[in-house]
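This is what each chain is made of:
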Protein chains: 2
Amino acid sequence: MKNPPSLDSLIAALKVLPGVGPKSAQRMAFHLLQRDKAGAERLARALDRALTNLTHCERCNTFSETPVCNLCADASRRQDLLCVVEMPADLLMLEQAHCHDGLYFVLMGRISPLDGVGPRDVALEKLFHRALDGVVEEVIVATNFTAEGEATAHVVTELLKNRGLKLTRIARGMPVGGELEYVDPGTLAQAMFERRKL
Amino acid sequence: MKNPPSLDSLIAALKVLPGVGPKSAQRMAFHLLQRDKAGAERLARALDRALTNLTHCERCNTFSETPVCNLCADASRRQDLLCVVEMPADLLMLEQAHCHDGLYFVLMGRISPLDGVGPRDVALEKLFHRALDGVVEEVIVATNFTAEGEATAHVVTELLKNRGLKLTRIARGMPVGGELEYVDPGTLAQAMFERRKL
């Protein structure tokens, strides 16, 4: 006794999603087929549409439906300031914070040897050409403060140093609203170490 | 600054999957588009194929590509024994255990008022007609031993009692290989309460 082939194929196909194992894939397939056929149809169409329409912005490498994304095409942004982030989600967070009026470069990943992601799997060569276009003066490295993000920041720094660019890293320290009593010791130590003059 | 529309549609569509919120949906979309386009294509095709091909078996209500599933069409199985389970996964587990040579009925759900799933959302009416076909003599209620599964078992029992059928429930007790020291108190209490004569 086995599942019908088209059910087994769907369960197998759902396992491509990150964090989805055999049991979740089965649960998802049953849910879609039993409780939300319209949602399943919508998902199939959204996958097709995204695969057809989305490409990477020529300049910043983020997902875009046009060769150059809206943000890169916006002449009102500072052209001399380039902020390097790991993923489009990071770019969106920085935009929500209204703290950067320059442009971005999205690596589309982080270097993570444990997951088999090396320097070739993030867009370092594209970044190299983008940063050395002669207009950019400062590159702000805004990768995460995780082990992978720090490794990525290191590789980006090595790639671009001694090329006449100002290289900076976003600050580590106490979060806004953070209380010393409750913050983790590593953050507190960094905040102390990177204290600045008043 | 926003995501391109086809990316936002894909993220929204992925949220139909159970247990997937906005953050996971975004992570899944990035993964599919960045690291596994072939997988995304496969998923879209598998969804289409499953939506087109799968229907419910006329007799046992499980997913099937034919009007009557292979198991129900198997004349070598005992026709007088009907085992009621919640989901196709339960049926597969029972088949793997080689402990039942009769037929099944799959409710395709459990009664769960908290999730808005009432008696009308599981296939009780279809079960009623199936169980009272004049051939079935014993109905084995094999829903889960969760609150929802027990509620479902109760409703199934109420539905079919006093109809000349023998109604049974699979046993609760210690798992095979279980040690008293490590089993949960509820299971131990049930195992004691439902002890049987040697």
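Calculation criteria
- Residues numbered from 1 in each chain as written.
- Chains lettered and ligands numbered in written order.
- Predicted model: local features only at pLDDT ≥ 70, side-chain atom pairs only at ≥ 80, totals over all residues.
- Heavy atoms only, no water.
- Helix = DSSP H or I, 4+ residues; strand = E, 2+ residues; numbered from the N terminus.
- Rg over C-alpha atoms; globule rule 2.2 N^0.38 Å.
- Contact = heavy atoms within 4.5 Å.
- Areas by Shrake-Rupley, 256 points an atom, 1.4 Å probe, with all protein chains shown as cover.
- Lys, Arg positive; Asp, Glu negative; His and termini not counted.
- Charge placed at Lys NZ, Arg CZ, Asp CG, Glu CD.
- Pairing = 2+ DSSP bridges.
- Right-handed = clockwise from strand over helix to strand, strands pointing away.
- Buried < 20%, exposed > 50% of the residue type's maximum accessible area, 1.4 Å probe, protein only.
- UniProt positions renumbered as here; feature names shortened; annotations may be inferred.
- Core = buried A, V, L, I, M, F, W, Y, C linked by side-chain atoms within 4.5 Å.
- Buried area = accessible area lost by both parts, 1.4 Å probe.
- Salt bridge = Lys/Arg side-chain N within 4 Å of Asp/Glu carboxyl O.
- Polar contact = N/O pair within 3.5 Å; in protein donor to acceptor, adjacent residues only side chain to side chain.
- Nonpolar A, V, L, I, M, F, W, Y, C, P; charged D, E, K, R; others polar.
- Least-squares fit on C-alpha atoms with pLDDT ≥ 70 in both.
- Axes fitted to C-alpha atoms, helices over the stretch in contact; angles between N-to-C directions.

## So, the overall build of chain A
No. 1: Helix and strand counts for chain A come out as 7 helices and 6 strands.
No. 2: Of the regular secondary structure in chain A, the N- to C-terminal order runs α-α-α-β-β-β-α-β-α-β-α-β-α.
No. 3: Whereas a compact globule of 198 residues would reach a radius of gyration of roughly 16 Å, chain A reaches 21 Å, over 25% beyond that.
No. 4: Across its three principal directions, the C-alpha atoms of chain A cover 70 × 45 × 30 Å.
No. 5: Relative to all contacts within chain A whose residues are 6 or more apart in sequence, the contacts with residues 24 or more apart total 47%.
No. 6: Of the roughly 10,800 Å² of accessible surface on chain A, 55% is carried by carbon and sulfur atoms.
No. 7: Within chain A, one finds 24 positive and 25 negative side-chain charges whose respective centroids are separated by 4 Å.

## Things to note about the pairing of strand β6 (residues 166–169) of chain A
All names here are of chain A.
No. 1: Looking at chain direction, strand β5 (residues 138–141) and β6 are connected through 4 bridges and run parallel. The partner of Ile 140 across the bridge, within β6, is Thr 168.
No. 2: For the crossover that starts at β5, traverses helix α6 (residues 147–160) and ends in the parallel β6, the hand is right-handed.

## Section: the environment of Lys 15 of chain B
Residue and element names in this part refer to chain B.
No. 1: Tracing the chain through its elements places Lys 15 in the loop between α1 (5–14) and α2 (22–35).
No. 2: Of the residues examined, Lys 15 reaches a relative accessible area of 39% and is grouped as partly exposed.
No. 3: Along the primary structure Lys 15 and Ala 25 are separated by 10 residues, whereas in three dimensions their C-alpha atoms are 5.8 Å apart.
No. 4: What Lys 15 contacts, discounting residues up to four positions off in sequence, is Val 20, Gly 21, Pro 22 and Ala 25.

## Digging into the UniProt feature "domain: Toprim" (unreviewed entry) in chain A
No. 1: On the UniProt side, "domain: Toprim" (unreviewed entry) is annotated at positions that read residues 80–175 of chain A here.
No. 2: With 32% helix and 18% strand, residues 80–175 of chain A has end C-alpha atoms that lie 28 Å from one another.

## Notes on the nonpolar core
No. 1: Residues Leu 127 of chain A together with Leu 127 of chain B are the most contacted members of the largest nonpolar core, which totals 117 residues.
No. 2: With near-sequence residues (within four places) excluded, Leu 127 of chain A lies in contact with Leu 82, Val 84, Phe 105, Leu 107, Val 156, Leu 159 and Leu 160 of chain A.

## So, the interface of chain A and chain B
No. 1: Contact with chain A, which involves 56 residues of that partner, is made by 56 residues of chain B.
No. 2: Counting the surface lost from both chain A and chain B, the interface buries some 5,200 Å², and carbon and sulfur atoms represent 71% of this.
No. 3: A salt bridge links Arg 45 of chain A to Asp 48 of chain B, with the nearest nitrogen and oxygen atoms 3.0 Å apart.
No. 4: Inspection of the chain A/chain B interface yields 12 residue pairs in polar contact (both at pLDDT 80 or more).
No. 5: For the side of chain A that touches chain B, the element with the highest residue contribution is helix α3 (residues 37–53) of chain A, accounting for 15 residues.
No. 6: Of the residues contributing to the side of chain A that touches chain B, the split by class is 32 nonpolar, 11 polar and 13 charged.

## Observations regarding the relation of the copies chain A and chain B
One copy of the chain maps onto the other through a rotation about an axis plus a displacement along that axis.
No. 1: Aligned on chain B, chain A shows an RMSD of 0.1 Å; the corresponding rotation is 180 degrees and the shift along the axis is 0.1 Å. Taken together, the rotation angle and the small translation identify this as a two-fold axis. Across chain A, the rotation axis passes nearest the C-alpha of Ala 44 of chain A, at a separation of 2.2 Å.
No. 2: A symmetric contact is evident, with 100% of the interface residues of chain A recurring at the interface of chain B.

## Quick look at the sheet that holds β5 of chain A
Residue and element names in this part refer to chain A.
No. 1: Reading across from one edge, β4-β3-β5-β6 is the order of the 4 strands in this open sheet, with parallel pairing throughout. Two strands bound the open sheet, and with one partner strand each, they are β4 (103–106) and β6. Within the sheet, the average angular offset between the axes of one strand and its neighbour, ignoring direction, is 25 degrees.
No. 2: Packing against the sheet, helix α4 (residues 88–96) makes contact with β3 (81–85) and β4, and its axis sits at approximately 160 degrees to β4.
No. 3: The strands that α6 touches are β5 and β6; relative to β6, the one it contacts most, it runs at about 170 degrees.

## A look at the UniProt feature "zinc finger region: C4-type" (unreviewed entry) in chain A
No. 1: Taking the UniProt record as the reference, the feature "zinc finger region: C4-type" (unreviewed entry) is found at residues 57–72 of chain A.
No. 2: End-to-end, the C-alpha atoms of residues 57–72 of chain A are 8 Å apart, and along that stretch the chain is 0% helix and 12% strand.

## Topic: the pattern of salt bridges
Residue and element names in this part refer to chain B.
No. 1: Inspection of the entire model under this criterion finds 24 salt bridges over all chains.
No. 2: Residue Arg 45 pairs with Glu 41 through a salt bridge whose shortest N-O separation is 2.7 Å. Taken together, the positions of Arg 45 and Glu 41, both in helix α3 (residues 37–53) and 4 residues apart, correspond to about one turn of that helix.
No. 3: Here Arg 45 falls in the partly exposed class, since its relative accessible area comes to 35%.
No. 4: With relative accessibility at 35%, the residue Glu 41 sits in the partly exposed group.

## Some points on the environment of Val 106 of chain A
No. 1: Among the secondary structure elements, Val 106 of chain A is positioned in strand β4.
No. 2: In this structure the C-alpha to C-alpha distance between Val 106 of chain A and Leu 127 of chain A, which are 21 residues apart in sequence, comes to 8.5 Å.

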